[in-house]
Amino acid sequence: MPDLSGFTRPVQNDYGLQNKHNFKKKAGNAKWYYQLFFDESLENDLNALAKAYQNNIPFRIFGAHTNLFITENGYDGLFVDISLKNSKVIFDEAAKTFTVTSNTTVAEFVNFTMDKGYDFAALTGIPGMMGSGLVGNSGYTPSGKMFSDFVVEAIVFDFEENRFIKIVPDETFFSTRNSTIKQSNKDKTRYFVKELVLKSEFIGKEKVREKFDAQISMRRESLKISFKEGNAGSLWSNAHLQTLGIKSFPSMLKENPSINQDFNGATYSPNNRLFITSEATRDKDAARLFVHTLEKVKALYGVELHKEVIILDKDGEIDTETFIKNSLN
Ligand SMILES: Cc1cc2nc3c(=O)[nH]c(=O)nc-3n(C[C@H](O)[C@H](O)[C@H](O)COP(=O)(O)OP(=O)(O)OC[C@H]3O[C@@H](n4cnc5c(N)ncnc54)[C@H](O)[C@@H]3O)c2cc1C
């Protein structure tokens, strides 16, 4: 057992990850599990993670898991959750900026800023935490806006340097559903986002409310993400299709129902055309749906779909091809 001492609370062993999905009913275990809290223990725990980093103990940090697909192999490392407790948004009246802890939900942030009359309505309906939104440069594709339109700076813990650093994103920091942090953390988690500063235009509470209501009414059906009826949101990146000038994946499904098929519960929901699974679905069923989808879309539209969801396997994040290969063998 590697040295995982130094954390404020006990690290749990052999932890079942099944409930870490909003939509997938079967997942393996994490070798170790820990939850970070935004309180006086945070700095100590980040130092303990820095020690794990130096000792090459693998760990991954997650927010609300709304962009996560864990395989039946589980994760042979330390799965770190971020607690939603003690989230905070502060409005700086003079600078007209909002400072927010990374564990604040996007919904909480949008509501807070709407009350003050600032226009973050484009972020309406994005599930998950603000820190994840920065890492994945989240955005609602039809709104044309994403986190990169609003983020001024971020306070980030660097596990390699074992200290907090301030990042002011330049034009290379963000790309479509991507950021330098996401890339840097892909093979080994180097950065933890602690805090973000965001800015937007003042348009008044009523106008923000109108935009908010319009976006919610467009999104209502797809935002059913309880464990029972859950869906994976965008399994395939619509933002990628938009950059190619091609219609969204749900529109393709509507136009060509043959893209859909049901592999033992792995299918696109007839209600909202988003990926769902059932109690019986195995990874091999999901893999068969992925193969079917990729082939059909390639044949009908001539494009390669890019996945948006993170697939977590025993050695860390894997790509679609590896998941398919592992699951069908
Ligand atoms: C129904 C539904 C609708 C969705 N709609 C949208 C949408 O409109 N637009 C969109 O962009 N996405 C959408 N998504 C995908 C998902 O909600 C977003 O990617 C969201 O930003 C993920 O937030 P999370 O807290 O759940 O992150 P998680 O899934 O827990 O993690 C996502 C990534 O962020 C990293 N991360 C999280 N917190 C930190 C931190 N503090 N420091 C460093 N790394 C961190 C994790 O390591 C992981 O790589 C949708 C998903 C669902 C299920």
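Quick note: structure is the one above.
Let us look at the structure shown here. (Residues numbered from 1 in each chain as written. Predicted model: local features only at pLDDT ≥ 70, side-chain atom pairs only at ≥ 80, totals over all residues.)

## With respect to the environment of aspartate 187
Selection criterion: Per the convention used, a helix needs a DSSP run of H or I reaching at least four residues, while a strand needs a run of E reaching at least two, with both numbered from the N terminus. Counts of 20 or more other C-beta atoms within 10 Å of a residue's own C-beta define buried residues, counts of 12 or fewer define exposed ones, and intermediate counts define partly exposed ones; C-beta atoms are placed from the backbone.
Structurally, aspartate 187 can be placed in the loop between helix 4 (180-185) and strand 14 (191-198). Judged by the 11 C-beta atoms lying within 10 Å of it, aspartate 187 falls in the exposed class. Each C-alpha atom of the pair aspartate 187 and isoleucine 318 lies 9.6 Å from the other, and the pair is 131 residues apart in sequence.

## A short note on the sheet that holds strand 17 (residues 310-313)
Counted only if it meets this: Following DSSP output, two strands are said to pair if at least two bridges run between them. For every element, the axis is a line fit to its C-alpha atoms; helices are fit only across the contacting stretch, and the angle between N-to-C directions ranges from 0 to 180 degrees.
Here three strands make up an open sheet; going across it, the order is 4-17-18 and the pairing mixed. Edge positions in the sheet fall to strand 4 (68-70) and strand 18 (316-318), since each has one partner strand and no second. For this sheet, the mean angle separating the axes of adjacent strands, direction not counted, is 40°.

## Details of the sheet that holds strand 14
Strand order in the open sheet formed by five strands is 6-7-14-10-11, with antiparallel pairing between adjacent strands. A single partner strand is all that each edge strand has here, and the edge strands are strand 6 (89-92) and strand 11 (163-167). Direction aside, neighbouring strands of the sheet carry axes that sit 20° apart on average. Two strands pair when backbone bridges link them, and strand 6 and strand 7 (residues 97-101) are joined in this way by four bridges, in the antiparallel orientation. Considered in strand 7, the bridge of phenylalanine 91 is made with phenylalanine 98.

Worth remembering: the numbers are spatial, not functional.
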